[in-house]
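Read off the chains here:
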Amino acid sequence: MSSLSQPPSPPLAEKVKHEMELFGDVRVDNYYWLRDDSRKDPKVLSYLEQENAYTEAMMSGTKKLEDKIYAEIRGRIKEDDISAPLRKGPYYYYSRTLEGKEYAQNCRCPVPNCDAPPSVHDTMPTGPDAAPEHVILDENVKAEEHGFYKIGAFKVSPNHKMVAYTEDTKGDEIYTVYVIDVETGAQIGKPLVGVTSSYVQWAGNDALVYITMDEIHRADKAWLHKLESDQCNDSCLYHEKDDMFSLGLQASESEKFLFISSGSKMTSFVFYLEVCKLEEGLKVLIPRINGIDTSVGHRGNHFFIQKRSDEFFNSQLLACPVDNTSATTVLIPHRESVKIQDIQLFSDHLVVYEREQGLPKITAYRLPAVEEPLICLQGGQAVQFIDPVYLVEPSESQFSSTILRFSYSSLRTPPSVYEYDMNTGESVLKKIETVLGGFDASNYVTERKWATASDGTQIPISIVYQKNLVKLDGSDPMLLNGYGSYEISEDPDFNKARLSLLDRGFIFAIAHIRGGGEMGRQWYENGKFLKKKNTFTDFITCAEFLIEQKYCSKEKLCITGRSAGGMLMGAVLNMRPDLWKAAVVGVPFVDVLTTILDPTIPLTTAEWEEWGDPRKEEFYYYMKSYSPVDNVKAQNYPHILVTAGLHDTRVMYSEPAKFVAKLRDMKTDNNMLLFKCELGAGHFSKSGRFERLQDDAMAFAFLLKALNMIPTCGCA
């Protein structure tokens, strides 16, 4: 008997007519009532609980399988482990996880010979003769009082005597700052409330700079806080009143300056604060010019400026003297085929992170002595990588050293930390995440393919599979992932949970579609505003290519995406429901038009530079033509699992709730439509490292059920 037979009856949301009119166009939203900003309305909560109960009932027949997958995923984790220790001054800092514990301990240990220059071969001593470990903060203890717990920033003071950290105990991404004595753990002063997650920095050893949010969760004010003073006495360094702009905060690697940026999706400008001259306040480094986007670093007598404009869309790198910021020199000119992603500065080196042909690159340049003029960059040493597709990200490094630290992973290579000696070119693996359960990377094949869109654009696809299990004849099941918004690159990284699919014969693929940042700035520009539909048609093109190339068939093709990737899922489900067998739609931004028209919803106004301003008729009708909630129709849909978080401030829970309610009312098939709303979490689901695995286990069990890949015993 099929595991899909005799389902319980799904909940049906009440229809309450709500009309919205603009440009003479009337839209009816029968489920508008599901939005409750207080998140306390008994009727709304009751409906969400009914949906959760229905999902649980529908998945009850596969509970054994779900538990088995959860055990597999958790069984791959080395539960008692430490991160790669980072040498900072006289200490190694690292995090430790303990068996059975959900959260980490933040620790440090003295460096035995801290006067010796750092080397890529340094290792933190362990064993009975090593200096004792000191636990600075045990997140497990802090989390005991909360259903949700997350540390955002964890910043050690320059003198290594204090730590400022931010915590969120609800999932709504509103953080509180605590300052503690490193040795005793004693709290110093009162907490600072209403702070953005990672935007807190030390300004010397007795002051902090932090950023708070307004009522729509926009980072709008930067503050200077003197330790042990009351928050109400803090001085406001800058208030960004333009609701299209949000503030950011960054410390220079030299620790001599703090940079406060104000940016929209198209424009950013930068102030600087000299740490040893706080009384002088903020100074303008880069003025606000529409369409010019900048970020800044510091070394010696120079600021280094990454600058993007319409003309130089992939950015150029400039330098200017600290005492004459208008006298800029071009260090790396703009190139149409190479995008400058980020820079990292050291006392004697500059590291540039770039993207070319969709792949990340790292190049290290030796800088002239500080007292010498900075006219140009010479040479440049590229770091080599082995996989055909991979993820590389900057890691915190010591400014005064010659050692670059970066993280690396691929679809078959677990997360790894490398240290690279910029003088010798030697690269040393400091840590690779242990994967238990017999994992062998050589059993997995990663590939890169290119699909051709109808306009001739080549779209990269990253692919991984277990070489001993797939046939590559069209009969293999596939999970295709996509995102394609905000210039974010959906890079091919490792995922321990994903092995539970690969080891059941799945092929996993990522469609690097327009709207993302993989292929440079224009890749993004060609998938936003009035070109947004390229994102959806690119995804469909990739799916059709994979079917044509015998990686899968329509009957075995599953898709997944989160947040804006969930919006992608909603759009392609409406456009081509025949192409997919099942979809996992995570915290999806699906009520696009209604949300973007409402400036009271968190973060909405800034989104006008991503999707367009629907108060203008052209954008209104274009967005209406793809907004998933507005385009649900009476047709057959595949099996669909939708997730949400009640306290999500990025995508309100009501968006996926409306999408599901409308689908239930209109779809003409008997396929599964399940909705799970976490009532104690936000955009990123549960906070515990093991709790989160339950989401993967349930999603995978759902896909196997949809594909009818479950034996009658309920386990596979």
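Starting from 1, residues in each chain are numbered consecutively following that chain's sequence as written. Local features in a predicted model are, by the rule used here, given only for residues with pLDDT of at least 70; side-chain atom pairs are given and counted only at 80 or more, and totals for whole chains, interfaces and linings are based on all residues. Values reported for side chains reflect all heavy atoms of the structure, with hydrogen atoms and water molecules removed beforehand.

This is how the line gets drawn: UniProt positions are given in the numbering used here, feature names are shortened, and annotations may be inferred rather than shown by experiment.
For the protein, the name recorded in an unreviewed UniProt entry is Prolyl endopeptidase, with Hibiscus sabdariffa as its organism. The Function (unreviewed entry) comment attached to the protein in UniProt states, word for word, "Serine peptidase whose precise substrate specificity remains unclear. Does not cleave peptides after a arginine or lysine residue. Regulates trans-Golgi network morphology and sorting by regulating the membrane binding of the AP-1 complex. May play a role in the regulation of synaptic vesicle exocytosis."

**Side note on the overall build of the protein**
Our working definition: Comment: elements are numbered from the N terminus, with helices defined as DSSP H or I runs of at least four residues and strands as E runs of at least two. Our radius of gyration looks at C-alpha atoms and nothing else; its globule reference is 2.2 Å times the residue count to the power 0.38. For the exposure calls, accessible area comes from a 1.4 Å probe over protein chains only, and a residue counts as buried if that area is under 20% of its type's maximum, exposed if over 50%, partly exposed in between. Two residues form a contact once any of their heavy atoms are found within 4.5 Å. Methods summary: accessible areas were calculated by the Shrake-Rupley approach with a probe of 1.4 Å, and residue burial reflects only the protein chains presented. Under this rule, positive means Lys or Arg and negative means Asp or Glu; His and the chain ends count for nothing. Every charge is mapped to an atom, namely NZ of Lys, CZ of Arg, CG of Asp or CD of Glu.
In terms of regular secondary structure, the protein is built from twelve helices and 38 strands. For a compact globule of 716 residues, the expected C-alpha radius of gyration is about 27 Å, and the protein comes in at 26 Å, within 12% of that figure. Residue burial in the protein is summarised as follows: out of 716 residues, 57% are buried. Look at the contacts in the protein between residues 6 or more apart in sequence, and 59% of them connect residues 24 or more apart. With the model as given, the accessible surface of the protein reaches about 29000 Å², and the carbon-plus-sulfur share is 49%. The centroid of the 78 positive side-chain charges in the protein is displaced by 3 Å from the centroid of its 100 negative side-chain charges.

**Description of the UniProt feature "domain: Peptidase S9A N-terminal" (unreviewed entry) in the protein**
UniProt's feature table lists "domain: Peptidase S9A N-terminal" (unreviewed entry) at residues 10-431, given in the numbering used throughout. Taken end to end, residues 10-431 is 8% helix and 43% strand, and its two terminal C-alpha atoms sit 48 Å from one another.

**Here we look at the sheet that holds strand 27 (residues 391-394)**
To keep things clear, this is the line we draw: Criterion used throughout: strands pair if DSSP finds at least two bridges between them. In this analysis, axes come from line fits to C-alpha atoms, helices being fitted only over the stretch in contact, and the angle between any two N-to-C directions falls in the range 0 to 180 degrees.
Taken in spatial order, the four strands of this open sheet run 27-28-29-30, and their pairing is antiparallel. This sheet does not close on itself; its edge strands, each paired only once, are strand 27 and strand 30 (427-432). If you compare each strand with its neighbour and ignore which way they point, the axes differ by 30° on average. Across five bridges, strand 29 (residues 416-421) lies against strand 30 in antiparallel orientation. Paired with Ser416 across the bridge in strand 30 is Ile432.

**A closer look at the pattern of salt bridges**
Test applied: Take a side-chain nitrogen of Lys or Arg and a carboxyl oxygen of Asp or Glu: if they are within 4 Å of each other, that pair is a salt bridge.
Overall, the coordinates contain 47 salt bridges when judged by the stated rule. Lys554 is the salt-bridge partner of Asp578, the closest N and O atoms lying 3.7 Å from each other. Of this pair, Asp578 sits in the loop between helix 7 (564-575) and strand 36 (582-586) while Lys554 sits in the loop between helix 6 (533-548) and strand 35 (557-562), placing them 24 residues apart in sequence. For Asp578, a relative accessible area of 40% puts it in the partly exposed group. Salt bridges linked by common partners bring Lys68, Glu72, Arg76 and Arg504 together as one network.

**Examining the packing of helix 2 (residues 63-75) against helix 12 (residues 691-706)**
Defined as follows: Note that the term roughly parallel is reserved for angles under 35 degrees, roughly antiparallel for angles over 145, roughly perpendicular for angles of 65 to 115, and oblique for everything else. Here a crossing is taken to be left-handed if its near helix is turned anticlockwise relative to the far helix by less than a right angle, and right-handed if that turn runs clockwise. Any residue outside Ala, Val, Leu, Ile, Met, Phe, Trp, Tyr, Cys, Pro, Asp, Glu, Lys and Arg is labelled polar, Gly included; the first ten of those are nonpolar and the last four are charged.
Running from N to C, helix 2 and helix 12 cross one another at 130°; their axes reach a closest spacing of 8 Å. Classified by the interaxial angle, the pair formed by helix 2 and helix 12 is oblique. The interaxial crossing formed by helix 2 with helix 12 has right-handed handedness. On the side of helix 2, the interface is formed by Leu65, Glu66, Ile69, Tyr70, Ile73 and Arg74, while helix 12 contributes Leu693, Gln694, Asp696, Ala697, Met698, Phe700, Ala701 and Leu704. Grouping the amino acids of the contact of helix 2 with helix 12 by side-chain chemistry returns ten nonpolar, one polar and three charged.

**Overview of the nonpolar core**
What counts, and what does not: Among buried residues, those of type Ala, Val, Leu, Ile, Met, Phe, Trp, Tyr and Cys that are joined through side-chain atoms within 4.5 Å constitute a nonpolar core.
With 95 residues, the main nonpolar core has Leu48, Val209, Leu480, Phe539, Leu546, Ile559 and Trp580 as its most contacted residues. Here Ile559 is in contact with Leu479, Leu480, Phe539, Met569, Val572, Leu573, Trp580, Ala582, Ala583 and Val584, once residues within four sequence places are set aside. Counting residues in hydrophobic clusters, the runner-up holds 56 residues, among them Tyr54, Val464, Ala697 and Leu704.

**A short note on the pairing of strand 19 (residues 293-299)**
Burial of strand 19 is extensive: five of the seven residues sit out of reach of the surface. In the sheet, strand 19 pairs with strand 20 (residues 302-308) via seven bridges, with the strands oriented antiparallel. Within strand 20, the residue paired with Ser295 across the bridge is Gln306.

**Remarks on the side chain of Lys658**
Assignment of secondary structure puts Lys658 in helix 11 (residues 654-666). The residues contacting Lys658, other than those within four sequence positions of it, are Asp29, Tyr31, Tyr32, Leu34, Asp591 and Thr594.

**Considerations on helix 12**
Stated precisely, the cut-off is as follows: The length a helix should cover is 1.5 Å for every residue beyond the first.
Taking 1.5 Å per residue, 16 residues should reach 22 Å; helix 12 reaches 24 Å between its end C-alpha atoms and fits that length. Buried within helix 12 we find Leu693, Ala697, Met698, Ala699, Phe700, Ala701, Phe702, Leu703, Leu704, Lys705 and Ala706. The first or second residue beyond helix 12 is Asn708, which carries a positive phi of 60°.

**Remarks on the environment of Lys101**
Here Lys101 shows up in the loop between strand 5 (91-97) and strand 6 (104-110). Residues Lys101 and Glu139, 38 residues apart in the sequence, show an inter-C-alpha distance of 9.6 Å. Apart from residues lying up to four places away in sequence, Lys101 is in contact with Asn140, Arg689 and Phe690.

**What to know about the environment of Lys221**
Positionally, Lys221 belongs in strand 13 (residues 219-226). Using a relative accessible area of 26% as the deciding quantity, one classes Lys221 as partly exposed. A C-alpha to C-alpha distance of 6.8 Å links Lys221 and Cys236, two positions 15 residues apart in sequence. Leaving out residues up to four positions away in the same chain, Lys221 has contacts with Tyr210, Ile211, Thr212, Cys236, Tyr238, His239 and Leu247.

**Quick look at the sheet that holds strand 14 (residues 235-239)**
Pairing is antiparallel across the open sheet formed by seven strands, whose spatial order is 8-9-10-11-12-13-14. Every interior strand has two partners, whereas the edge strands, strand 8 (150-156) and strand 14, have only one. Within this sheet the neighbouring strands show an average axis-to-axis angle of 35°, counted without direction.

**Brief notes about helix 6**
Taking 1.5 Å per residue as the helical rise, helix 6 with its 16 residues ought to reach 22 Å, and the 22 Å between its terminal C-alpha atoms agrees with that figure. All buried positions along helix 6 are accounted for by Thr535, Phe536, Asp538, Phe539, Ile540, Thr541, Cys542, Ala543, Phe545 and Leu546. Directly after helix 6, the chain includes Lys550, whose backbone phi takes a positive value near 70°.

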